[in-house]
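Structural description and commentary
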Number of protein chains: 2
Amino acid sequence: MQLTMSGEYAVRAMIHLSALPFGTVVQIADVSKEWNIPENFLRKISVQLARADLIVSQRGLNGGIRLGQPAERITVLDVIEAVEGNIFLNKCLVCDGVCPRDEWCQVHTLWAEAQIKLKEILTSKSLAQLAAESFTRKAELNEARQRTSAA
Amino acid sequence: MQLTMSGEYAVRAMIHLSALPFGTVVQIADVSKEWNIPENFLRKISVQLARADLIVSQRGLNGGIRLGQPAERITVLDVIEAVEGNIFLNKCLVCDGVCPRDEWCQVHTLWAEAQIKLKEILTSKSLAQLAAESFTRKAELNEARQRTSAA
DNA sequence: CTAAAACATGACCATTTTTGTCATGTTCGG
DNA sequence: CCGAACATGACAAAAATGGTCATGTTTTAG
């Protein structure tokens, strides 16, 4: 019941891209250094992100990766599902009819509700918003720190 | 990002107990047959449930397991956490300060929000309610089926 | 007090998933 | 054609999952 490292790394990389002007190309090696992601692992993850059109990659000199669509249109859920596949909190929810208690079991209903809510929250903010808010928060913290050390 | 079989089995067993009058003793072998749970596996799970005081087990002739507290006071989250430990949707949430981006990363905030909501839903109904509602729903379905076959 | 019934404990194990690494290939620009 | 960058696929170590099994302990009926 937890996000995998793949998902975690994918979100980090996407947040990195989302903080830059749309179209900016970066190299996987650089992202991996800045966000503590094993480089070769990130390479594999980036292929999945590209398949989901979340990023576009370009080979060759001056190549790299860039966002495949504006950060305003991408959510954390998009990123996770690109890497981990569709989210199902409970195996009973994977496919109708798999669980013989499907029709009447109210635990099933509860899980369905939980899953909907989870997805709702994970799509409630765009990567653009998250990146921007993080930037602001970071600046606030730095300022606070400077004031303290100055005093 | 999914409930384990342990968790799933635990919930099934607890629902079984919750549908019976408080204090009713049942045998693990019977529960395992009725709910398609590998018997030896359920035995191990039941130890964990007992440690969390969700059930009480008694050895010896006429022994078995029974609820450790009224089904009205137990939630699905209780059961899951007894078996899987505390739920953390994201590794960053496990322990403050583990993630160096903790303080400013807004993805962190989003996960925290999601986790709270998930727990909220998984505690929104007692096992007693879930068992009762399932019973009702099952009866409704049966009746509907009889009407159809009669017509 | 003894036998049988029931759960407890802990060792063990197969499989799958996760989290990578690496060698090699491909594409592109200059 | 060279070097930079990503792609692909094989490989593998480690951890988690989902069990099984032998043995031990507790309880009670008789």
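Just above sits the structure.
In short, a report on the structure.

Criteria and thresholds
- Residues numbered from 1 in each chain as written.
- Chains lettered and ligands numbered in written order.
- Predicted model: local features only at pLDDT ≥ 70, side-chain atom pairs only at ≥ 80, totals over all residues.
- Heavy atoms only, no water.
- Least-squares fit on C-alpha atoms with pLDDT ≥ 70 in both.
- Contact = heavy atoms within 4.5 Å.
- Buried area = accessible area lost by both parts, 1.4 Å probe.
- Salt bridge = Lys/Arg side-chain N within 4 Å of Asp/Glu carboxyl O.
- Polar contact = N/O pair within 3.5 Å; in protein donor to acceptor, adjacent residues only side chain to side chain.
- Helix = DSSP H or I, 4+ residues; strand = E, 2+ residues; numbered from the N terminus.
- Nonpolar A, V, L, I, M, F, W, Y, C, P; charged D, E, K, R; others polar.
- Buried < 20%, exposed > 50% of the residue type's maximum accessible area, 1.4 Å probe, protein only.
- Pairing = 2+ DSSP bridges.
- Near = heavy atom within 4 Å.
- Phe/Tyr/Trp six-rings, centres within 6.5 Å; stacked < 30°, edge-to-face > 60°.
- Lys NZ or Arg CZ within 6 Å of the ring centre and 35° of its normal.

Re the relation of the copies chain A and chain B
Between the two copies, chain A and chain B, the superposition gives an RMSD of 0.1 Å; the rotation angle is 180° and the shift along the axis is 0.0 Å. The transformation relating the two chain copies, once decomposed into turn and shift, fits a two-fold axis. Distance from the rotation axis, computed per C-alpha, reaches its smallest value in chain A at methionine 1 of chain A: 2.1 Å. Taken together, the interface assignments show that 100% of the residues at the interface of chain A recur at the interface of chain B, consistent with an identical surface on both copies.

Some points on the interface of chain A and chain B
In this assembly, 43 residues from chain A lie in contact with 43 residues from chain B. Here chain A and chain B share an interface that buries about 4,200 Å² over both sides, 66% of which is from carbon and sulfur atoms. Three residues stand out in chain A for area buried against chain B, namely Met1, Gln2 and Trp104 of chain A, and they jointly supply 18% of the buried area on that side. Our enumeration of links across chain A and chain B arrives at 2 salt bridges. At the junction of chain A and chain B, the tally comes to 18 residue pairs in polar contact (both at pLDDT 80 or more). Every element with two or more residues in the side of chain A that touches chain B is listed here: helix H1 (5–18), helix H4 (76–84), helix H5 (91–94), helix H6 (106–122) and helix H7 (127–150) of chain A. Per element, the largest residue contribution to the side of chain A that touches chain B is 10 residues, and it comes from H6 of chain A. Class assignment for the residues of the side of chain A that touches chain B results in 24 nonpolar, 7 polar and 12 charged.

Looking at the environment of threonine 136 of chain A
Locating threonine 136 of chain A in the fold gives a position in helix H7. Residue threonine 136 of chain A is classed as partly exposed on the basis of its relative accessible area of 42%.

Quick word on the pairing of strand E2 (residues 64–67) of chain B
All names here are of chain B. Of the pairings in the sheet, the one linking strand E1 (residues 55–58) to E2 comprises 4 bridges and is antiparallel in character. The residue of E2 that forms the bridge with valine 56 is arginine 66. Between E1 and the antiparallel strand that follows it, E2, lie 5 residues; glycine 60 among them carries a positive phi value of about 85°.

What about the protein's contact with DNA strand C?
Close contacts around DNA strand C come from 27 residues, with Tyr9 of chain A together with Gln27, Ser57, Arg59 and Leu61 of chain B the closest. Counting only the atoms of DNA strand C within 4 Å of the protein, the fraction contributed by sugar and phosphate is 74%. Separating a base oxygen of DNA strand C from a side-chain N or O atom of arginine 59 of chain A is a distance of 3.0 Å. Here a phosphate oxygen of DNA strand C and a side-chain polar atom of arginine 43 of chain B are 3.1 Å apart.

A word on the protein's contact with DNA strand D
Near DNA strand D lie 28 residues; those nearest to it are Gln27, Ser57 and Arg59 of chain A together with Tyr9 and Arg59 of chain B. When the atoms of DNA strand D within 4 Å of the protein are grouped by moiety, sugar and phosphate amount to 75% of the total. Take arginine 59 of chain B: an N or O atom from its side chain is 3.0 Å from a base oxygen of DNA strand D. Within the contact set of DNA strand D, a base oxygen lies 3.4 Å away from a backbone nitrogen or oxygen of glycine 60 of chain B. Of all the secondary-structure elements, those providing two or more residues to the surface near DNA strand D are helix H3 (39–51) and strand E1 (55–58) of chain A together with helix H1 (5–18) and helix H3 (39–51) of chain B.

What to know about the packing of aromatic side chains
Scanning the entire structure with this criterion turns up 2 aromatic pairs over all chains. Where tyrosine 9 of chain B meets phenylalanine 41 of chain B, the ring centres are 5.7 Å apart and the plane angle is 90°; that geometry is what we call edge-to-face. Here phenylalanine 41 of chain B lies in helix H3 and tyrosine 9 of chain B lies in helix H1, a separation of 32 residues in the sequence. Above the face of the phenylalanine 88 of chain A ring, lysine 119 of chain A is positioned so that its terminal group lies 6.0 Å from the ring centre. The positively charged end of lysine 138 of chain B is found above the aromatic ring belonging to tryptophan 104 of chain A, 4.2 Å away from the centroid.

Describing the pattern of salt bridges
When the charged atoms of two side chains with opposite charge come close together, those side chains can pair. Within this structure, the stated rule accounts for 16 salt bridges over all chains. Two residues, arginine 137 of chain A and glutamate 140 of chain A, come together in a salt bridge whose shortest N-O distance is 3.3 Å. Within this pair, arginine 137 of chain A and its partner glutamate 140 of chain A are both found in helix H7, separated by 3 residues, close to a single helical turn. By relative accessible area, which is 31% here, arginine 137 of chain A ends up partly exposed. Taking relative accessible area as the criterion, glutamate 140 of chain A reaches 45% and is therefore assigned partly exposed. In this structure, arginine 43 of chain B and glutamate 39 of chain B form a salt bridge, with 2.8 Å as the shortest nitrogen-oxygen distance. Here the residue arginine 43 of chain B and the residue glutamate 39 of chain B both occupy positions in helix H3, the gap between them amounting to 4 residues, near one helical turn.

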